[in-house]
Amino acid sequence: MKFLSAHLGVAVAGVFVPLTLHAQTSPPTNATPVPPVVTTSPSTKAPAKPVAAKKRAPADAPAAPSTAKATPDNASASETSAAGTDTRPPAGSTAAAVPAARSGALTVPNLSEARRELSTTPGAVAVVGKEDYAATAARTAKDVLDFVPGVLVQPKWGEDSRISIRGSGLSRNFHTRGIQMYLDGIPITTADGSGDMQEISPTAYRYVEVYRGANALRYGANALGGAINFVTPTGRDASLAEARVDVGSFGLARFAASSGGAFGPADYFVTVDRLTFDGFRDHSDGESTRFSGNVGYRLNPAVETRFYLNANDIEQRIPGAVTRAMALASPKTAAAANLANDYQRNIESWRVANKTAIKLSETTTLETGAFYYDRSLYHPIFQLIDNDHNDFGGHLRLVDSRRIGDFDNRLTVGANLHDGTADARRYVNVKAQRGALTFNAEQTARNRSIYLENAFYVVPGLALIGGGQYLDASREQKDRFLADGNQSGQASFDHVSPRAGILYELSPSAQVFANWNESVEVATFSEISLTPVLTTSLKPQVARTFEVGTRGRTSGLTWDMAVYRAEIDNEFQCLNTGTPGSCTQVNLDKSIHQGVEAAVAARIIDGLAIADAQARDALWLNLAYTWSDFRFDGDRVFGDNRLPGAPEHYLRAEVLYRHPSGFYAGPNIEAVPEAYFVDNRNQVKTESYLLWGAKIGFDGQKWAATLEGRNLGDVKYISSASIATSATAASALFEPGDGRAVYGSIRYKW
């Protein structure tokens, strides 16, 4: 199954590691490094020295949103902030945030431009730059997103994690649902809404955009959890060459390399990443090879086209869920069934895509895109799942920012098409080999959507925003295995989702926002039943969400906070079908998801050991806190019980000392202070935990090195759990977290 070796040859590159966060950004190029703020862990990257100047500015120099590596993004001190997110509002004019105003690649905004464009959103959004997590053993999405409040990433095994935003997809501990994922603005989830975090390579991206809730209308995304867009570099913001080597506990070894450059109207970027690991638990070893590349060409000053190629070859054994007692007493032990039948999840995928941006005027840009995605899943578990997916689609998006009389106005309109067909087969699993055929069907998903959003500035700094989306979707199954009856069927769905919001600039460096929106989700094929008699077993899930929040920065402080409440009809949920722990999907009547998301980065001490006005050291505190209250709403059986699967409180915090030479060091913690339920009856819980770690390193102009310790107290804890209607002490629902681990990395760029 060496798919990449066969198709791409010898692995040549990986990529540098990203870091950043929603409200957190690195200092300008002439400032002492300040840790990322509000939404992500502090950047350890030492800022590049200005070409003409040899001294850095003091640590309290104004820091607007931008990353520690501001040079490629042409970010100035007025464009960056200690928080990783561009909190600078458009100051009454949206022209600076329109795609037509981009300074580098027309098809892809650089980091500073991405932060500025997202600052026009009247809701909770985040931009995580690669510098903000480059100094970690970035293996899973958790390493990238852990300091974005509201985002819960629970490691399971190997590179796989369970991800939920605002309680999305809690009923599933396999694959991803309720979050729409994009790569360079083009879907990477399958047409029915499923996805795999294993296909995400943290080392391959320039930055990551996170839209919590229904705040991703710019992509036509419309799901309870929102959307995540992983953005690869272009040749206009990448190093000529970069290499990285990581080694560490549990047999982890990674080599990553990349190259990029621009030649007149053309530019390119390529990266390859090779990772192998034995895993903390028995039967959790794996390996992966990933490739990403793009080539752009500026046809003329107003038109740019860009082609993308991505490929993955992933092999991963699955240790499986165990009882709570075993997870806490013998966390390395794999489930007996997983060992006996060699449970695995293996993926081979490749994708080609194109984006073309046309600058129609100084204030108007039209973007078109198309993609084709081929994915094979070989997944021996309770049965052997053998699926081949073929997806294709395209999009149109127009952004117009102009004056209408004496008022500023920004209009976004677009249309998306995403269709896919899967040859879905299941066999008896005979030690990871195909046994007798048990299921064979052709599954077809079709999705069409149109959307519109308009921001009208009634006075400078105050925008009223309205819009909505229309979705037309269908699911069809043609059963080709009739020994157990004909399970063919078809269902169609359509829905209009309105949206309204307000965005107010308190000052040039602070905003408040509020919005109300509606989102809709259609079930995936792994959840829905389609038969000629019963058209569909599940209704679409509809959520109506209200949120208010604020983001901004002052000297030495960056913040990002939001409060939300979602009232949900027909939430997808788990119903026991017999043995505790087994379930099928049903619709709840009504449920509530509400919570608080807060991230802050603050300079605690300035000039701790060096008081030079041009180069001071500093001690920074960076933290992200999420309070989640998810519950049934007057259910006939469960009343107002808590929905299982997510902790009520989750905290990540780090104290980091940073020296202007590039040296940094500091401790960090991860805390779940209260156990959470794993069943609807609220009978069985996980266990609370507190983990602590530390890192030390150096980040220079050409090379960087990091030594990082995780779970240094060697705490036995539960990192992820499946859910059930009811559970007992014998329910195998729990996945243990990794024990004490130490990782080291060396990075060099030319």
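Residues numbered from 1 in each chain as written. Predicted model: local features only at pLDDT ≥ 70, side-chain atom pairs only at ≥ 80, totals over all residues. Heavy atoms only, no water.

Section: the overall build of the protein
Per the secondary structure count, the protein includes 5 helices and 33 strands. Partitioning the intrachain contacts of the protein with sequence separation of at least 6 by distance along the chain shows that 68% fall at a separation of at least 24. By element, 60% of the accessible surface of the protein is carried by carbon and sulfur atoms, the whole surface being about 25,000 Å². (Helix = DSSP H or I, 4+ residues; strand = E, 2+ residues; numbered from the N terminus. Contact = heavy atoms within 4.5 Å. Areas by Shrake-Rupley, 256 points an atom, 1.4 Å probe, with all protein chains shown as cover.)

Considering the packing of aromatic side chains
Given two aromatic rings, their pairing is described by the distance between the two centres and the angle made by the two planes. All chains considered together, the criterion is met by 10 aromatic pairs. When the centroid spacing of 5.1 Å and the interplanar angle of 40 degrees are considered together, the rings of phenylalanine 698 and tryptophan 703 count as tilted. A relative accessible area of 25% places phenylalanine 698 in the partly exposed class. Stacked on the ring of phenylalanine 439, the Lys or Arg arginine 426 has its end atom at 4.2 Å from the ring centre. One cation-aromatic arrangement involves arginine 434 over tyrosine 427; the distance from NZ or CZ to the ring centre is 5.8 Å. (Phe/Tyr/Trp six-rings, centres within 6.5 Å; stacked < 30°, edge-to-face > 60°. Buried < 20%, exposed > 50% of the residue type's maximum accessible area, 1.4 Å probe, protein only. Lys NZ or Arg CZ within 6 Å of the ring centre and 35° of its normal.)

Re the pattern of salt bridges
Scanning the model with the defined rule gives 49 salt bridges in all. Residues aspartate 386 and arginine 434 are paired through a salt bridge, measuring 2.8 Å at the closest nitrogen-oxygen approach. One end of the pair, aspartate 386, is in strand β15 (residues 384-404); the other, arginine 434, is in strand β17 (residues 433-459), and 48 residues separate them in sequence. Accessibility expressed as a relative area gives 7% for aspartate 386, which makes it buried. Judged by its relative accessible area of 45%, arginine 434 falls in the partly exposed class. By sharing partners, the salt bridges in this structure join Lys156, Asp160, Asp196, Glu199, Arg345 and Arg375 into a single network. (Salt bridge = Lys/Arg side-chain N within 4 Å of Asp/Glu carboxyl O.)

Section: the nonpolar core
With 24 residues, the main nonpolar core has Leu145, Val151, Ile163, Val208, Val210, Ile228 and Phe230 as its most contacted residues. The dominant element in this core, judged by the number of residues it contributes, is helix α3 (residues 141-145), at 3 residues. If we skip the residues at most four places from it in the chain, valine 210 touches Ala124, Val125, Ala126, Leu145, Val148, Val151, Ile165 and Ala227. With 19 residues, the next largest nonpolar core counts Val127, Tyr182, Ala221 and Tyr308 among its residues. (Core = buried A, V, L, I, M, F, W, Y, C linked by side-chain atoms within 4.5 Å.)

Focus on a nonpolar patch on the surface
Residues Trp516, Phe546, Val548 and Val563 make up a contiguous nonpolar surface patch of about 340 Å² in total accessible area. With respect to the secondary-structure elements, valine 563 resides in strand β22 (residues 557-569). Overall, valine 563 belongs to the partly exposed group, its relative accessible area being 43%. (Patch = residues over 30% accessible without salt bridge, like charges linked within 9 Å, V, L, I, M, F, W, Y side chains within 5 Å.)

What about the confidence of the model for the protein?
On average, the protein scores 83 in pLDDT, and the residues at 70 or more come to 84%. This stretch, residues 1-96, has a pLDDT under 50; its non-local contacts, to residues over four places away or in other chains, come to 432 contacts. (pLDDT = per-residue confidence, 0-100.)

What about the pairing of strand β14 (residues 364-380)?
With 12 of 17 residues buried, β14 is to be regarded as a mostly interior element. Bridging between strand β13 (residues 344-361) and β14 involves 15 bridges; their strand directions are antiparallel. Across the sheet, lysine 359 pairs through a bridge with threonine 365, a residue of β14. Joining the antiparallel neighbours β13 and β14 is a turn of 2 residues. Between β14 and β15, which pair antiparallel and follow one another directly, the connecting turn spans 3 residues. (Pairing = 2+ DSSP bridges.)

Overview of helix α2 (residues 111-118)
Of all the 8 residues making up α2, 8 are buried; the element is thus mostly covered by neighbouring parts of the structure. Buried within α2 are the following residues: Leu111, Ser112, Glu113, Ala114, Arg115, Arg116, Glu117 and Leu118. In this structure, the buried residues of α2 make contact with β1 (125-129), β6 (207-212) and β21 (541-554). With a side-chain oxygen lying 3.2 Å from the backbone nitrogen of serine 112, the N-terminal cap of α2 falls on asparagine 110. (Polar contact = N/O pair within 3.5 Å; in protein donor to acceptor, adjacent residues only side chain to side chain.)

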